[in-house]
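What follows is the residue order along each chain.
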Amino acid sequence: MDIRELVRIRTHHPEAVAEAAARRARRPLVGGSGRLMIVAADHPARGALGVGERGFAMANRADLLRRLCLALSRPGVDGVLATADILDDLLLLGALENKVVMGSMNRGGLQGASFELDDRFTGHRAQDIERLGFDAGKLLLRIDYTDPGSLTTLESTARAIDDMAARRLPVFVEPFVSHRTQEGRLRNDLSAEAVTKSIAIASGLGGTSAYTWLKLPVTENPDDMAEVMQTSTLPAVLLGGEVGDDQDGAYEKWRGALQLPTVRGLVVGRSLLYPPDGDVAAAVDTAVGLL
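Criteria and cut-off values
- Residues numbered from 1 in each chain as written.
- Predicted model: local features only at pLDDT ≥ 70, side-chain atom pairs only at ≥ 80, totals over all residues.
- Heavy atoms only, no water.
- Helix = DSSP H or I, 4+ residues; strand = E, 2+ residues; numbered from the N terminus.
- Rg over C-alpha atoms; globule rule 2.2 N^0.38 Å.
- Buried < 20%, exposed > 50% of the residue type's maximum accessible area, 1.4 Å probe, protein only.
- Areas by Shrake-Rupley, 256 points an atom, 1.4 Å probe, with all protein chains shown as cover.
- Lys, Arg positive; Asp, Glu negative; His and termini not counted.
- Charge placed at Lys NZ, Arg CZ, Asp CG, Glu CD.
- Expected span 1.5 Å × (residues − 1).
- Contact = heavy atoms within 4.5 Å.
- Pairing = 2+ DSSP bridges.
- Right-handed = clockwise from strand over helix to strand, strands pointing away.
- Polar contact = N/O pair within 3.5 Å; in protein donor to acceptor, adjacent residues only side chain to side chain.
- Phe/Tyr/Trp six-rings, centres within 6.5 Å; stacked < 30°, edge-to-face > 60°.
- Salt bridge = Lys/Arg side-chain N within 4 Å of Asp/Glu carboxyl O.

Some points on the overall build of the chain
Right, on to step 1. Along its length, the chain carries 11 helices and 9 strands.
Right, on to step 2. Against the 2.2 N^0.38 benchmark of 19 Å for 291 residues, the chain shows a C-alpha radius of gyration of 18 Å, consistent with a compact globule.
Right, on to step 3. Referenced to the eigenvectors of the C-alpha coordinate spread, the extents of the chain come out at roughly 50 × 45 × 40 Å.
Right, on to step 4. Split into buried and exposed, the 291 residues of the chain put 54% on the buried side.
Right, on to step 5. Accessible area for the chain stands at about 13,000 Å²; split by element, carbon and sulfur atoms hold 49% of it.
Right, on to step 6. Each charge class in the chain was averaged separately, 33 positive and 39 negative side chains, and the resulting centres sit 5 Å apart.

Okay, here's the thing in structure tokens:
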């Protein structure tokens, strides 16, 4: 990977991004297996650069791109979820051929900010995803019943779902019921009750749910997932979230939930790109094997 060449192209030929998008070989969202394995890398645009105890693990863009290209090259990996800057780099590197490309839509709720739940759509718009020939969008919906910012996010989420559906583009909605700790940090509630509520709320947003998918966590007690997933008929993928050092435990949680009828795959980021042992290929291959 030649970072100097990437910068040279960006400096002298910015139109190369659109040209690479226009000639990119595309594929169906879901192949013959009916399963999806997507690698996520949209965390940096929220200022969320940490992985475990490494506070700035994702801050080195060249290293992140190397990890992404390695992950995308592994058999069974269908595509990537990222913000415009990262997808533009991957387009220029030729790493998105015959891959599912998902644009990250709302990045305004910066990690740790007082306005974190007023999550503005500062990333890809529906028209950008359509113009670039990408395959889907993704948005995050965190709902705190005590924070008025959640209402703004709810409304803008519904309109984004409408905009995507009007273009017949799938949108993956990642809902949480959240709350702030006494220290002011935002925490997502992974109890069965909270995840059930988040699914019910997200499923009913917008004028149609025809193009809506859900991106969901495994509940605190994995045994609750079978009942929780009865809340909606929308297709769903599991998210990775903070895994920590217990990589094997995370795999087991995903393995069980992947057997449920509405669960169609995985969208996992940091735990595969920055595994505790540093072996990206092995982490990705193990996750693919769960499907």
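Brief notes about unusual backbone geometry
Right, on to step 1. Not every positive phi belongs to a glycine, and N98 is a case in point at roughly 55 degrees.
Right, on to step 2. With respect to the helices and strands, the residue N98 is situated in the loop between α4 (84–92) and β3 (100–104).
Right, on to step 3. Positive phi, close to 55 degrees, is recorded for R168, a residue that is not glycine.
Right, on to step 4. Within the secondary structure layout, R168 lies in the loop between α6 (149–166) and β5 (171–180).

A word on α6
Right, on to step 1. Counted at 1.5 Å a residue, the expected span for α6 with its 18 residues is 26 Å, and the 26 Å between its end C-alpha atoms agrees.
Right, on to step 2. Those residues of α6 lying buried are G149, S150, T153, T157, A158, A160, I161, M164 and A165.
Right, on to step 3. Tucked inside the fold, the buried residues of α6 contact α5 (126–131), β4 (136–143), β5 and β7 (212–216).
Right, on to step 4. Note on α6: the residue one or two positions beyond its end, R168, has a positive phi of about 55 degrees.

Digging into the pairing of strand β1 (residues 36–41)
Right, on to step 1. For β1, the tally of buried residues reaches 6 of 6 residues, placing the bulk of the element in the interior.
Right, on to step 2. Burial of the side chains of β1 extends over both faces: L36, I38 and A40 are buried on one face and M37, V39 and A41 on the other.
Right, on to step 3. Pairing of β1 with strand β9 (residues 263–268), which is carried by 4 bridges, proceeds in the parallel orientation. Bridge pairing in β9 places I38 opposite V267.
Right, on to step 4. The sheet contact formed by β1 and strand β2 (residues 79–82) spans 4 bridges and is parallel. The partner of V39 across the bridge, within β2, is V80.
Right, on to step 5. With helix α3 (residues 61–73) bridging β1 and the parallel β2, this β-α-β connection has right-handed handedness.

Points about α3
Right, on to step 1. Counted at 1.5 Å a residue, the expected span for α3 with its 13 residues is 18 Å, and the 18 Å between its end C-alpha atoms agrees.
Right, on to step 2. Turning to α3, its buried residues number three or more, namely A62, L64, L65, R67, L68, A71 and L72.
Right, on to step 3. The inward-facing, buried residues of α3 abut α1 (3–12), β1, β2, α4, α10 (270–273) and α11 (280–290).
Right, on to step 4. At the N-terminal end of α3, a side-chain oxygen is found 3.2 Å from the backbone nitrogen of A62, two or three residues along, and the residue is N60.

Describing the environment of I143
Right, on to step 1. Structurally, I143 is set in strand β4.
Right, on to step 2. For the pair I143 and V177, spaced 34 residues apart in sequence, the C-alpha separation works out to 4.8 Å.
Right, on to step 3. Dropping the residues within four chain positions of it, I143 is found in contact with S150, L154, F176, V177, S178 and I201.

A word on the packing of aromatic side chains
Right, on to step 1. Counted according to the given criterion, the structure contains 2 aromatic pairs.
Right, on to step 2. Judged by centre distance (5.7 Å) and plane angle (70 degrees), the rings of Y251 and W254 are edge-to-face. Highlighted residues: Y251 and W254, both in helix α9 (residues 247–257), separated by 3 residues, approximately one helical turn.
Right, on to step 3. For Y251, a relative accessible area of 7% puts it in the buried group.
Right, on to step 4. For W254, a relative accessible area of 3% puts it in the buried group.

So, the pattern of salt bridges
Right, on to step 1. Per the stated rule, a full pass over the model turns up 21 salt bridges.
Right, on to step 2. In this structure, R24 and D135 form a salt bridge, with 3.3 Å as the shortest nitrogen-oxygen distance. Of this pair, R24 sits in the loop between α2 (16–23) and β1 while D135 sits in the loop between α5 and β4, and the two are 111 residues apart along the sequence. By the burial criterion, R24 is buried, and D135 matches it.
Right, on to step 3. A salt bridge links D162 to R159; the shortest N-O distance between them is 2.9 Å. One end of the pair is D162 and the other is R159, both in helix α6 and 3 residues apart, which spans about a single turn.
Right, on to step 4. Residue R159 is classed as partly exposed on the basis of its relative accessible area, which comes to 42%.
Right, on to step 5. Members of the salt-bridge network, linked through shared partners, are D42, R107, K138, E174 and K215.

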